[in-house]
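# Structural characterization, general
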Amino acid sequence: GLGLGIAFKKMVDNTAAQEQAMAQLNTTLQSTEFAAGKTADELTQAAGGLQKMTTFGDEAIIGMQSLLLTFKDIKGDNFDRTTVAVLDMATAMKTDLKSASIQLGKALNDPAKNLSALTRSGIQFTDAQTDMIKEMQASGDVAGAQTIILQELESQFGGSAKAARDTL
């Protein structure tokens, strides 16, 4: 009986956490007017898929997605790539999803201004990359600047979250 009670409590706790994550996701989508170009269904499906490939639960991933949504200049495919990059970065740097998503979100939302925060964390960009990022943003190509940042993150941390899942 005790084991059944503990299992039931865990199920209720997990359901409550999932509902809280979904409520926050829907609220953030509405408040940002769907700036990322994603729906709640798309985001939860992505979170479910990433849960199967990483050590992070879908409610944690949904919570991280909610934070990323507040950075309104991260959109479309770059939003999806950013989600994976946060998981990889948090795993490789042994930090939490909230910290990694805020740090990366700031850098991608305003690359020219906030790229230095990533550099201070040990993420290396060449002078040519830095110049190109600044030039692209100045010309209005924020998505292009984001792509350069994401490519560098993928080259440094890509696959870290999946590799962690494949261990004991």
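Residues numbered from 1 in each chain as written. Predicted model: local features only at pLDDT ≥ 70, side-chain atom pairs only at ≥ 80, totals over all residues. Heavy atoms only, no water.

### A few points about the pattern of salt bridges
All chains considered together, the criterion is met by three salt bridges. D80 is the salt-bridge partner of K38, the closest N and O atoms lying 2.8 Å from each other. One end of the pair, K38, is in the loop between α1 (2-31) and α2 (40-53); the other, D80, is in helix α4 (residues 76-92), and 42 residues separate them in sequence. On the accessibility criterion, K38 (11% relative accessible area) is buried. A salt bridge links D166 to K162, with the shortest nitrogen-to-oxygen separation between them at 3.9 Å. Among the residues examined, D166 registers a relative accessible area of 57% and is labelled exposed. On the accessibility criterion, K162 (43% relative accessible area) is partly exposed. (Salt bridge = Lys/Arg side-chain N within 4 Å of Asp/Glu carboxyl O. Helix = DSSP H or I, 4+ residues; strand = E, 2+ residues; numbered from the N terminus. Buried < 20%, exposed > 50% of the residue type's maximum accessible area, 1.4 Å probe, protein only.)

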